[in-house]
Amino acid sequence: MERALEKLPEHQRVPLVLYHFEDLPYDAIAQRLGVSLSKVKTDIMRGREALARVLMRSGASHEKFDS
């Protein structure tokens, strides 16, 4: 999973990790990163999609991230 996450652009990886692994809510992530709430939501959604593609290409099994 770590290697797959490293392949994501930073603007997707960071909020995705903060949300799923640090259990921070969207508004706390937005405040911490100094971006809008809508950007956080968009980056997490796109990050999930990109991560799923990376994992599928690598042949690794994965769970779909749900918000």
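To be clear, the structure that these remarks concern was listed above.
As a starting point, this report considers the structure included with it. (Residues numbered from 1 in each chain as written. Predicted model: local features only at pLDDT ≥ 70, side-chain atom pairs only at ≥ 80, totals over all residues. Heavy atoms only, no water.)

### Some points on the overall build of the protein chain
Piece 1. On a plain count of helices and strands, the protein chain comes out with 4 helices and 0 strands.
Piece 2. Each of the 67 residues in the protein chain was classed as buried or not, and the buried ones make up 31%.
Piece 3. In the protein chain, the proportion of contacts linking residues at least 24 apart, taken out of those at least 6 apart, comes to 46%.
Piece 4. Surface exposure of the protein chain reaches about 4,700 Å², of which carbon and sulfur atoms provide 48%. (Helix = DSSP H or I, 4+ residues; strand = E, 2+ residues; numbered from the N terminus. Buried < 20%, exposed > 50% of the residue type's maximum accessible area, 1.4 Å probe, protein only. Contact = heavy atoms within 4.5 Å. Areas by Shrake-Rupley, 256 points an atom, 1.4 Å probe, with all protein chains shown as cover.)

### As for the pattern of salt bridges
Piece 1. As enumerated under the stated definition, the model contains 1 salt bridge in all.
Piece 2. When the shortest N-O distance is used, the salt bridge between Asp43 and Lys39 registers 2.8 Å. Here Asp43 and its partner Lys39 are both found in helix 4 (residues 37–58), 4 residues apart, which amounts to about one turn of the helix. (Salt bridge = Lys/Arg side-chain N within 4 Å of Asp/Glu carboxyl O.)

### Quick word on the nonpolar core
Piece 1. Membership of the largest hydrophobic core comes to 14 residues, with the highest contact counts inside it found for Leu8, Leu16, Ile29, Ile44 and Leu51.
Piece 2. Listed by contribution, the elements that provide at least two residues to this core are helix 1 (2–6), helix 2 (10–20), helix 3 (26–33) and helix 4.
Piece 3. Examining the composition of this core, we find that 6 residues originate from one element, helix 4, more than from any other. (Core = buried A, V, L, I, M, F, W, Y, C linked by side-chain atoms within 4.5 Å.)

### A short note on the packing of helix 2 against helix 3
Piece 1. Packing of helix 2 against helix 3 leaves a shortest axis separation of 10 Å and a crossing angle of 140 degrees. The pairing of helix 2 with helix 3 is recorded here as oblique in orientation. Both helix 2 and helix 3 take part in a crossing whose hand is right-handed. Side by side, helix 2 and helix 3 meet where Val14, Pro15, Leu18 and Tyr19 of the first sit next to Tyr26, Ile29, Arg32 and Leu33 of the second.
Piece 2. Across the contact of helix 2 with helix 3, the residue classes break down as 7 nonpolar, no polar and 1 charged. (Axes fitted to C-alpha atoms, helices over the stretch in contact; angles between N-to-C directions. Parallel < 35°, antiparallel > 145°, perpendicular 65-115°, else oblique. Left-handed = near helix turned anticlockwise from the far one by under 90°. Nonpolar A, V, L, I, M, F, W, Y, C, P; charged D, E, K, R; others polar.)

### Quick notes on the packing of aromatic side chains
Piece 1. Evaluated as defined, the whole model comprises 1 aromatic pair.
Piece 2. Residues Tyr19 and Tyr26 carry aromatic rings whose centres are separated by 4.8 Å and whose planes lie at 5 degrees to one another, so their mutual orientation is stacked.
Piece 3. The class of Tyr19 is buried, set by a relative accessible area of 19%. (Phe/Tyr/Trp six-rings, centres within 6.5 Å; stacked < 30°, edge-to-face > 60°.)

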